[in-house]
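Structure assessment
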Amino acid sequence: MLRSSLVLEVTSAVLGAAREFLEKEGFVELLPVILAPVTDPLRTTPDRAIVSAYGQDWYLTRSMIFHKQAAVRICPKIFSFSPNIRLEPAERGKTGRHLFEFVQLDLEVREATRDEVMDLGERLLLYVLSEIRRDFSRKLAEVGRELPEYSRPFPRIAWHEARKEFGPDFEEALSRQSKSPVWIVDFPIEEREFYDREDPERPGILRDMDLLYPEGFGEALSGGEREYLPERIRLRILRQGLDPAAYAGLIALAKEGLPPSAGFGIGVERLVRFILGLSHVGEVRLFPRIPGVPAVL
Ligand code: ASN
């Protein structure tokens, strides 16, 4: 369990730099939601963490997606350092990239397009990396890590192209061979959740994106434009084989009026892992929650 203080110092500096960047961009920080009657469906992680209290079930947050959509009704640009619980299968404990408790920097912008939030994501990442390079390059060199400089815009590849070029496990291969952070855009509708907006001009293709780190570190962030019209949300829920009744609160909110928005979440532990070149994301946390691994404290 002994962690070097460098990991904790870098984590703290990453949080500070990200917060400073977003505040300068006019974002308002929200306190995180930990328990909610509804949370991100995340179909690839079926197990749910539930607390029963006061005669109802409360989900531990898997992402603040719906709360972000609701919050941009009030403030146009919001972010939160959001603790997420995702009960990943035990074998994901070995990927180096999965924790079942982690924090994502989750943000959302009212009336924004995908391109606008991709631009924001690039500037946010480069700002954080430049702050870390400025304050930690000597300490990073001592642990054998050198952070290269990257230029914007980062390269983009469409999901279908990436799959054609690198096969079904393209994320890993693309991240490994890339010299720069690289975007994957235009996921097919069946690959993602119902809240990612379908491109009105290209049925079946989403206006969403992932960003991959270079050097094989895998996914950095994930996001996109959102479905915001009540009927569209209902149809997308049905198309995913989910029950609209389970999302009645979201649909009711959309009937009152949800603005169009776009946003993304960037995993804090994965970012620190990349900066320090660590082999497992659990090395970032003092008290890591690794799927399938017991904890003492
Ligand atoms: N934070 C992601 C987003 O904004 C959602 C997620 O974490 N599943 O799209």
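Residues numbered from 1 in each chain as written. Predicted model: local features only at pLDDT ≥ 70, side-chain atom pairs only at ≥ 80, totals over all residues. Heavy atoms only, no water.

Right, let's get into the side chain of Glu108. Structurally, Glu108 is set in strand 6 (residues 101-110). Relative accessible area serves as the criterion here: at 0%, Glu108 is assigned to the buried category. A distance of 3.3 Å separates a polar atom in the side chain of Glu108 from a polar atom in the side chain of Lys68. Side chain to side chain, Glu108 and Arg226 meet in a polar contact 3.0 Å long. Those residues in contact with Glu108 that sit more than four places away from it in its chain are Phe27, Lys68, Val72, Pro76, Lys77, Ile78, Arg226, Ser261, Ala262, Gly263 and Phe264. (Helix = DSSP H or I, 4+ residues; strand = E, 2+ residues; numbered from the N terminus. Buried < 20%, exposed > 50% of the residue type's maximum accessible area, 1.4 Å probe, protein only. Polar contact = N/O pair within 3.5 Å; in protein donor to acceptor, adjacent residues only side chain to side chain. Contact = heavy atoms within 4.5 Å.)

So, about the packing of aromatic side chains. The description of two aromatic rings rests on the distance between their centres and on the angle between their planes. Evaluation of the coordinates by the stated rule reveals 10 aromatic pairs. Seen from their ring centres, Phe21 and Tyr127 are 5.7 Å apart, and the 35° between their planes marks the pair as tilted. In this pair, Phe21 sits in helix 1 (residues 5-24) while Tyr127 sits in helix 3 (residues 114-142), placing the two residues 106 residues apart along the sequence. Ring centres 5.6 Å apart and planes at 75° place the aromatic pair Phe217 and Phe274 in the edge-to-face group. Taken together, the residues span a long stretch of sequence, with Phe217 in the loop between strand 9 (208-213) and strand 10 (218-225) and Phe274 in helix 8 (residues 268-276) at a distance of 57 residues. When its relative accessible area of 11% is taken as the criterion, Phe217 is described as buried. Through successive ring pairs, a cluster of aromatic residues spans Phe66, Phe194, Tyr195 and Tyr247. The ring of Phe274 carries Arg145 above its face, with NZ or CZ at 5.4 Å from the centroid. Here the guanidinium or amino end of Arg192 rests over the ring plane of Phe187, the centre of that ring lying 3.8 Å away. (Phe/Tyr/Trp six-rings, centres within 6.5 Å; stacked < 30°, edge-to-face > 60°. Lys NZ or Arg CZ within 6 Å of the ring centre and 35° of its normal.)

Pairing within the open sheet is mixed, and its eight strands lie in the order 1-5-6-11-10-9-8-7. The sheet is open, and its two edges are formed by strand 1 (28-29) and strand 7 (156-158), each paired on a single side. As paired elements, strand 1 and strand 5 (residues 77-85) share two bridges and run parallel to each other. Each bridged residue has a counterpart across the sheet, and for Glu29 the counterpart in strand 5 is Phe79. Here helix 1 sits on the sheet and contacts strand 1, strand 5 and strand 6; the angle it forms with strand 5, its principal contact strand, is near 150°. (Pairing = 2+ DSSP bridges. Axes fitted to C-alpha atoms, helices over the stretch in contact; angles between N-to-C directions.)

Close to the ligand lie 13 residues, the nearest being Lys68, Arg86, Gln104, Asp106 and Arg226. In the environment of the ligand, an oxygen atom lies 2.8 Å from a nitrogen or oxygen atom belonging to the side chain of Lys68. Note that a nitrogen atom of the ligand is positioned 3.3 Å from one of the side-chain N or O atoms of Tyr195. When the free accessible area of the ligand is taken as 270 Å², the share hidden by the protein chains comes to 92%. Under a 2 Å grid-point criterion requiring more than half of the atoms, the pocket assigned to the ligand is the largest pocket. (Near = heavy atom within 4 Å. Areas by Shrake-Rupley, 256 points an atom, 1.4 Å probe, with all protein chains shown as cover. 1 Å grid on protein atoms, 1.4 Å probe; cavity = no way out; pocket = protein on both sides within 12 Å on 5 of 7 lines; lining within 4 Å. Sits in = over half its atoms within 2 Å of the grid points.)

What follows deals with empty space enclosed by the protein. All chains considered together, the criterion is met by one cavity of 30 Å³ or more. Of the voids in this model, the largest cavity is the one considered here, and its volume is about 70 Å³. Lining the largest cavity are Val14, Leu15, Ala18, Phe81, Leu105, Leu124, Leu125, Val128, Ile266, Gly267, Val268 and Leu271. Looking at the lining of the largest cavity, the elements with two or more residues in it are helix 1, helix 3, strand 11 (261-267) and helix 8. Looking at the lining of the largest cavity residue by residue, the class counts come to 11 nonpolar, one polar and no charged. (Points joined across faces, edges and corners; volume = space filled by probe spheres on them. Nonpolar A, V, L, I, M, F, W, Y, C, P; charged D, E, K, R; others polar.)

So, on to the pairing of strand 5. Consecutive side chains along a regular strand alternate between the two faces of the sheet. Among the nine residues of strand 5, seven are classified as buried, and the element is accordingly described as predominantly covered. In the sheet, strand 5 pairs with strand 6 via nine bridges, with the strands oriented antiparallel. By the bridge assignment for strand 6, Pro83 is matched with Val103.

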